[in-house]
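Listed here are the chains, written in short residue letters.
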Amino acid sequence: MFAGTDVIDIFPTSVWIHEIGDCERLNDDIFAAVKKLQTQGHGYDRTDGGGWVSYTDLNEMDDFAPLMEYIVGAAQGVLNFLQYEFEHFYITDSWANLDDPGKAHTRHNHPNCVLSGVYYARTPENGGDIIFHDPRPQAGIFVPAIKQPTEHNIAQRYVQPAEGLLMMFPSWLEHSTELNTSAGDRLSISFNIMISGGPARKGLATGLPDEKI
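Residues numbered from 1 in each chain as written. Predicted model: local features only at pLDDT ≥ 70, side-chain atom pairs only at ≥ 80, totals over all residues. Heavy atoms only, no water.

A. Broad picture of helix α2 (residues 65–82). Counted at 1.5 Å a residue, the expected span for α2 with its 18 residues is 26 Å, and the 26 Å between its end C-alpha atoms agrees. Where α2 is buried, its residues touch β1 (16–19), α1 (24–40), β4 (88–99), β6 (115–122), β9 (165–170) and β11 (186–196). Once α2 ends, the next one or two residues include Gln83, with phi positive near 60°. (Helix = DSSP H or I, 4+ residues; strand = E, 2+ residues; numbered from the N terminus. Expected span 1.5 Å × (residues − 1). Contact = heavy atoms within 4.5 Å.)

Okay, structure coming up:
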């Protein structure tokens, strides 16, 4: 019937996954540093159902410098993939999330930055997945029943954390975490990335057509 058939994926939303090998020492050092900060009162208990969170200056601390090097390397690769034009990029802030049993994180995004991410240092069994939510507001106008979940018909994408997993995603992408139903603490380090310099992109402020591909 047809001479050819194709599917074009437009406006894709990507999540970049990096696995750090031989990460036991790194994770132990991160856990010890976070517990030290908690003991020193360098953070607070969340009031929205989450656990303890540190202040957002881990990227300035020597104890977390090895992890920041991995984050910088991952961000460089993601920004190259996205073909953004800029002069510099940098970690704006970074913080620890220490979630004891019964804690979760509600749906949110990270404003005023271009990329965000999370590194997992402690992931007990049944510690809870991270959930990414469909960013398209019009996708909920009509939602048919589905035969089998695929990347083209789901409204939420669950990703199971693992120790040594470094995940990066657009800062506007809303996400949450499941309840920690394990008997242990879940520890993750969150961060934001921003770019600076480079020409302004046409069309976004003026309403003119954007670049064509």
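B. Structural detail: unusual backbone geometry. A positive phi angle is found at Asp22, which is not glycine, with a value near 50°. What makes Asp22 exposed here is its relative accessible area of 75%. Unlike most non-glycine residues, Asn126 shows phi in positive territory, near 70°. On the secondary structure map, Asn126 appears in the loop between β6 and β7 (130–133). (Buried < 20%, exposed > 50% of the residue type's maximum accessible area, 1.4 Å probe, protein only.)

C. Structural view of the sheet that holds strand β3 (residues 52–54). Strand order in the open sheet made by the seven strands is β1-β9-β6-β11-β4-β3-β2, with antiparallel pairing throughout. Across the chains shown, the open sheet's two edge strands, defined by having one partner strand only, are β1 and β2 (43–45). Geometrically, the sheet is characterised by an average inter-axis angle of 20° between neighbouring strands, direction not taken into account. Sheet topology note: the β4/β11 ladder contains 11 bridges and is antiparallel. Each residue of the ladder has a partner; that of Asn97, found in β11, is Ser188. (Pairing = 2+ DSSP bridges. Axes fitted to C-alpha atoms, helices over the stretch in contact; angles between N-to-C directions.)

D. Just the packing of aromatic side chains, in detail. Scanning the entire structure with this criterion turns up four aromatic pairs. Where Tyr44 meets Tyr55, the ring centres are 6.2 Å apart and the plane angle is 35°; that geometry is what we call tilted. Taken together, the positions of Tyr44 in strand β2 and Tyr55 in the loop between β3 and α2 put the pair 11 residues apart, joining distant regions of the chain. Residue classification places Tyr55 among the partly exposed positions, given a relative accessible area of 38%. Summarising the aromatic geometry, the rings of Phe86 and Phe89 are spaced 6.2 Å apart at their centres and angled 80° between planes, so their arrangement reads as edge-to-face. Taking the relative accessible area as the measure of exposure, Phe89 reaches 17% and is therefore buried. Geometry around Phe31 places Arg122 over its ring, the cationic atom sitting 4.6 Å from the centre. (Phe/Tyr/Trp six-rings, centres within 6.5 Å; stacked < 30°, edge-to-face > 60°. Lys NZ or Arg CZ within 6 Å of the ring centre and 35° of its normal.)

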